[in-house]
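So the chains spell out like this:
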Amino acid sequence: MLDNWTEALETGGQIDTIYTDYEKAFDKIPHKRLVKKIESFGLPQQTVRWMEAFLNGRQYRVKVNSKYANWYQVKSGIPQGSVVSSEKWNSTRQRVRPTNVYNVH
């Protein structure tokens, strides 16, 4: 593959690349979107409401040296390390269909 890319560049061709970074993916999922996705699976309302309650009401603040900033509401992200976090992430990313395309012009 690298040989193809090198040849394409040497002959004036072009390479289009898409980078996908899942490192911070857990921090980016809005809670409202996640709850709607979970609802779309047809789970019982009690289960959906439990998951919604699991996400809602979370807060954070930052400490610099000995001073704390104000509290802020967390509106996105899945609590990492929790029992259900990997399930929630997997359910959300099901709509993303990764495709490997090696098309050198």
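Going by the structure above, here's the rest.
Presented here is a report on the structure given in the accompanying data block. Please read these numbers as outputs of a predicted model, since none were measured by experiment.

Here we take up the layout of surface pockets. Computed from the structure, the second largest pocket encloses a volume of approximately 200 Å³. Every residue lining the second largest pocket is listed: Pro30, His31, Lys32, Val35, Lys36, Glu52, Asn56, Gln73, Val74 and Lys75. Top element by residues in the lining of the second largest pocket is helix H3 (residues 31–40). It accounts for 4 residues. Counted by class, the lining of the second largest pocket contains 3 nonpolar, 3 polar and 4 charged residues.

This part is about helix H4 (residues 45–55). Because each turn of an α-helix spans 3.6 residues, side chains separated by three or four positions in sequence point in the same direction. Listing the buried residues of H4 in full gives Val48, Met51 and Leu55. For H4, the arc enclosing every buried residue in end-on projection is 65 degrees, short of the 170-degree limit, so these residues lie on one face. When the buried face of H4 is taken as reference, the exposed residues oriented beyond 90 degrees from it are Gln46 and Ala53. Gly57 sits one or two positions beyond H4 and adopts a positive phi of about 85 degrees.

Counted by the stated rule, this structure contains 2 salt bridges. Ionic contacts of the salt-bridge type, sharing partners, join the residues Glu39, Arg49 and Glu52 into one network.

For the rest of this paragraph, the subject is the packing of aromatic side chains. Enumeration according to the criterion identifies 2 aromatic pairs in this entry. For the ring pair Trp50 and Phe54, a centre distance of 6.0 Å and an interplane angle of 20 degrees mean the geometry is stacked. With Trp50 and Phe54 both in helix H4 and 4 residues apart, this pair spans about one turn of that helix. For Trp50, a relative accessible area of 48% gives the class partly exposed. Ring plane angle 35 degrees and centroid distance 5.9 Å describe the contact between Tyr60 and Tyr72, whose orientation is recorded as tilted. You can see Tyr60 sitting in strand E1 (residues 59–60) and its partner Tyr72 sitting in strand E4 (residues 72–73), a full 12 residues away along the chain. On the accessibility criterion, Tyr60 (42% relative accessible area) is partly exposed. When its relative accessible area of 45% is taken as the criterion, Tyr72 is described as partly exposed. Above the ring of Phe54, the side-chain terminus of Arg58 is found at 4.8 Å from the ring centroid. For Arg61, the ring lying beneath its charged end belongs to Tyr68, and the centroid distance is 4.0 Å.

Nonpolar side chains in soluble globular proteins generally cluster together in the buried interior. Of all hydrophobic cores here, the largest spans 8 residues; its members are Ile29, Leu34, Val35, Ile38, Val48, Met51, Leu55 and Ile78. Elements with a minimum of two residues in this core: H3 and H4.

Next up on the list: the side chain of His31. Relative to the helices and strands, His31 resides in helix H3. On the basis of relative accessibility, which here comes to 5%, the residue His31 falls in the buried class. Each residue touching His31, except ones within four places of it in the same chain, is listed here: Leu55, Asn56, Val74, Lys75, Ser76 and Gly77.

Criteria and thresholds
Residues numbered from 1 in each chain as written. Predicted model: local features only at pLDDT ≥ 70, side-chain atom pairs only at ≥ 80, totals over all residues. Heavy atoms only, no water. 1 Å grid on protein atoms, 1.4 Å probe; cavity = no way out; pocket = protein on both sides within 12 Å on 5 of 7 lines; lining within 4 Å. Points joined across faces, edges and corners; volume = space filled by probe spheres on them. Helix = DSSP H or I, 4+ residues; strand = E, 2+ residues; numbered from the N terminus. Nonpolar A, V, L, I, M, F, W, Y, C, P; charged D, E, K, R; others polar. Buried < 20%, exposed > 50% of the residue type's maximum accessible area, 1.4 Å probe, protein only. Arc of directions from axis to C-beta. Salt bridge = Lys/Arg side-chain N within 4 Å of Asp/Glu carboxyl O. Phe/Tyr/Trp six-rings, centres within 6.5 Å; stacked < 30°, edge-to-face > 60°. Lys NZ or Arg CZ within 6 Å of the ring centre and 35° of its normal. Core = buried A, V, L, I, M, F, W, Y, C linked by side-chain atoms within 4.5 Å. Contact = heavy atoms within 4.5 Å.

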